[in-house]
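Report on the structure
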Amino acid sequence: VAAGTLIGVGYTIDLGLGPVLVLSVTGLVLWQTRSLRAIALLLAAAFPWFALHHYLNWRIGGTFSPANAQAAHLAWPGSPFGVANMTGGYAHKTFGHFLLYALDLLVGKRGFLGHNLALFLALPGAVWLLRRRVAETPEIAWALAFFGGGWLIYALTSNNYSGVCASIRWYVPLLAPGYYCLIVLLRHAPQYRNDLAILTAFGLALGLSMWWEGPWMQHMVPGYWFIQGAAALCWLAWRFSPRKS
């Protein structure tokens, strides 16, 4: 019931990641309990929040779907958004464009991973944990499903890189599953603590650069590629160092 309430509230906050959160947590609860009763309780606790969200959306915007996915709601003087670049429907002319855009959202000049360097360890770390079938395997699988599903849903339904901001603001909630994987990785494999320290140090430098410029920037973060390149070189040097401990 507590989990259902939380995913219901999460759904009301973000109708992009919200459905992915609901589906992935439902899968996790089913894996952990093997109980239809547990699933019924989970969804029953979430349903009032689903209903409240869509009722208020309808009362305010006249639609049960996201209000900003309606072209008419964006047709005000000076609006930077329209049918060609609004979020909420398939937004790519070709499948190749979709693939490049999806990759760009992760590692391009606005890339989510590139602006959160520690997450470069989280993804291989999650695979490492799954292969060893640690006690937290269901939660690690949930983290990957939520992260991957959230990434894909916005890659499919947008082409505007989330507007004017330092990185991809839609993906901020995905920091939670990413850092969960890092926590579990260090619990089972503390030898990776120096890898995380290296990425964190360069991530701090990148964060300071973003802080100096402010969040609503129309250009790339100063020093972005230089900091990433230096982080990659130092990380590789550490990984292949014969003296690492």
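Preceding this paragraph is the structure being described.
Here, residues in each chain are numbered from 1, in the same order as that chain's written sequence. Reporting in this predicted model follows two pLDDT cut-offs: at least 70 for local features of residues, and 80 or more for side-chain atom pairs to be given and counted; totals over whole chains, interfaces and linings ignore these cut-offs and use all residues. Based on all heavy atoms of the structure, the side-chain values leave hydrogens and waters out of the count.

Let us look at helix H8 (residues 193-213). Secondary structure is summarised from DSSP: a helix means a run of H or I of at least four residues, a strand means a run of E of at least two, and numbering begins at the N terminus for each. Between the first and last residue of a helix there are one fewer steps than residues, each counted as 1.5 Å, and that sum is the expected span. Compared with the 30 Å implied by 1.5 Å per residue over 21 residues, the 30 Å span of H8 between its first and last C-alpha is a close match. Where the residues of H8 are buried, they touch helix H5 (119-131), helix H7 (175-188) and helix H9 (224-239). Looking one or two residues past H8, Gly 214 carries a phi angle of roughly 95°, positive in sign. For this analysis, residues touch if any pair of their heavy atoms sits within 4.5 Å.

Let us now look at empty space enclosed by the protein. In this analysis the probe radius is 1.4 Å and the grid spacing 1 Å, with only protein atoms considered; a cavity is a set of points the probe fits into but cannot get out of, a pocket is an open set with protein on both sides within 12 Å along at least five of seven lines, and lining residues have an atom within 4 Å of a point. Grid points are joined across faces, edges and corners, and a volume is the space filled by probe spheres set on the points. Scanning all chains against the criterion turns up one cavity of 30 Å³ or more. When its volume is computed, the largest cavity comes out at roughly 70 Å³. What lines the largest cavity is Leu 113, Leu 119, Ala 122, Leu 123, Ala 143, Leu 144, Phe 147, Pro 177, Gly 178 and Cys 181. Residue composition of the lining of the largest cavity, grouped by class: nine nonpolar, one polar and no charged. Asp, Glu, Lys and Arg are counted as charged, while Ala, Val, Leu, Ile, Met, Phe, Trp, Tyr, Cys and Pro are counted as nonpolar; the rest, among them Gly, fall into the polar class.

The next point concerns the packing of aromatic side chains. Only rings of Phe, Tyr and Trp enter the pairing, Trp through its six-membered ring, and a pair is recorded when the two centres are within 6.5 Å. The plane angle decides the type: under 30 degrees is stacked, over 60 is edge-to-face, the rest tilted. Tallied over the entire structure, the rule returns 13 aromatic pairs. An angle of 55° between the planes, with centres 4.6 Å apart, marks the rings of Tyr 11 and Phe 50 as tilted. Here the residue Tyr 11 occupies a position in helix H1 (residues 2-13), and Phe 50 occupies one in helix H3 (residues 36-61), the gap between them amounting to 39 residues. Here Tyr 224 and Trp 225 contribute two aromatic rings whose centre-to-centre distance is 4.8 Å and whose plane-to-plane angle is 70°, an arrangement assigned as edge-to-face. What makes Tyr 224 buried here is its relative accessible area of 1%. According to the relative accessible area criterion, Trp 225 is partly exposed, its value standing at 46%. Exposed residues in this analysis have more than 50% of their type's maximum accessible area, buried residues have under 20%, and partly exposed residues fall in between, with area computed by a 1.4 Å probe over protein chains only.

All right, on to unusual backbone geometry then. Here the phi dihedral of Tyr 161 falls at roughly 55°; this positive angle occurs in a residue that is not glycine. Of note, the phi angle at Ser 162 is positive, near 70°, even though the residue is not glycine. Looking at the secondary structure, you find Ser 162 in the loop between helix H6 (137-157) and H7. The exposure class of Ser 162 is buried, given its relative accessible area of 1%.

Here we take up the side chain of Gln 228. Tracing the backbone shows Gln 228 in helix H9. Apart from the residues lying within four places of it in its own chain, the contact partners of Gln 228 are Gly 114, Leu 117 and Phe 120.

Another aspect to go through is the packing of H1 against H3. Every angle, taken between N-to-C directions, lies between 0 and 180 degrees, and every axis is a line fitted to C-alpha atoms, over only the stretch in contact when it is a helix. The geometry of H1 relative to H3 is characterised by a closest axis approach of 7 Å and an angle of 20° between their N-to-C directions. Considering the angle they form, H1 stands roughly parallel to H3. The handedness of the crossing between H1 and H3 comes out as right-handed. Between H1, through Ala 3, Gly 4, Thr 5, Ile 7, Gly 8, Val 9, Tyr 11 and Thr 12, and H3, the contact on the second element is made entirely by Leu 42, Ala 45, Ala 46, Trp 49, Phe 50, His 53 and His 54. Convention used here: angles under 35 degrees read as roughly parallel, angles over 145 as roughly antiparallel, angles from 65 to 115 as roughly perpendicular, and any remaining angle as oblique. By definition, turning the near helix anticlockwise from the far helix through less than a right angle yields a left-handed crossing, and turning it clockwise yields a right-handed one.

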